[in-house]
Structures are given as structure tokens and as C-alpha cells.
Amino acid sequence: MLRHRAGIYALAVLLAAAAGCSEQEPDGSAKTGPPETVTILGATSDHKKYMQRHFDQWAKTSGIHVTYVTSSDFENEAPERLRSADPPDLLLLPQPALLSQFAEKGDVKDLE
């Protein structure tokens, strides 16, 4: 249980960072407030209800709503979604090696 909470808290920090930099005005300038929704693409639906329940609770205090979407073909779908017109704000990677693959292709953004 402690492990799940630590993961949720770490994800909350990433969500807050993504919320602050993911939206733009029509003229290309950054929006000053957080987006209404942050989308996360994950590999498995095993914990989808659990994750969404925690995201919904977090939204009540943060004002940032999270939509957690899963894919049974994550390794193929994630790169396609990243290059689409509507990419997810965050990926919940099932294995660390995928991060280096995405970085090599230029699909990873620095949140600083």
C-alpha cells in the first residue's frame, strides 16, 4: 500500500508539472492556468479503476482532472499517439527501457 501511495505522489508531481506546460493559447503563447484535463496513457488496465479513483480525489484539491487511458498494445500505440495531433500529456511506462527508446527518437520533453 505504501508503495502505491509513493507512486501516486510521484505521479502527482509530474501531473502538476505537465499541467503547467502542456497548454497553449491560439497565438502560441503559454496559458497561465492549468489545463482542465491531463491525459495519461498507460500499458495495463489492471489498476485502471484504482488509479482513476485516486486521480479523481486529487482533482478535488488540485483542480487538475486526469483521464487515464490504457492500451493493450502500448509499445506500438504510444509512439503513434506521441506523434499524433492529440498526444497524451504523460506516459505511464511499464518498463524503464522504453524511456530510453522514446528519448532516442526525440519523444521525451524536459519539464524544466
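Going by the structure above, here's the rest.
Read on for a plain summary of the structure. (Residues numbered from 1 in each chain as written. Predicted model: local features only at pLDDT ≥ 70, side-chain atom pairs only at ≥ 80, totals over all residues. Heavy atoms only, no water.)

Focus on the pattern of salt bridges
Part 1: Enumeration according to the criterion identifies one salt bridge in this entry.
Part 2: The closest approach of N and O atoms between R81 and E77, which form a salt bridge, is 3.7 Å. Pair noted here: R81 and E77 are both in helix α3 (residues 74-82), with a separation of four residues, about one helical turn. (Salt bridge = Lys/Arg side-chain N within 4 Å of Asp/Glu carboxyl O. Helix = DSSP H or I, 4+ residues; strand = E, 2+ residues; numbered from the N terminus.)

A short note on the nonpolar core
Part 1: In this structure, I40, Y50, M51, F55, V66, Y68 and L90 together form the largest nonpolar core, which totals seven residues.
Part 2: When contributions to this core are tallied by element, the ones reaching two or more residues are α2 (48-62) and β2 (65-70).
Part 3: At three residues, α2 tops the list of elements feeding residues into this core.
Part 4: Ranked by size, the runner-up nonpolar core spans six residues in total, among them L41, F74, L98 and F102. (Core = buried A, V, L, I, M, F, W, Y, C linked by side-chain atoms within 4.5 Å. Buried < 20%, exposed > 50% of the residue type's maximum accessible area, 1.4 Å probe, protein only.)

Remarks on the environment of L90
Part 1: Note on placement: L90 falls in strand β3 (residues 90-92).
Part 2: For the pair L90 and V38, spaced 52 residues apart in sequence, the C-alpha separation works out to 7.9 Å.

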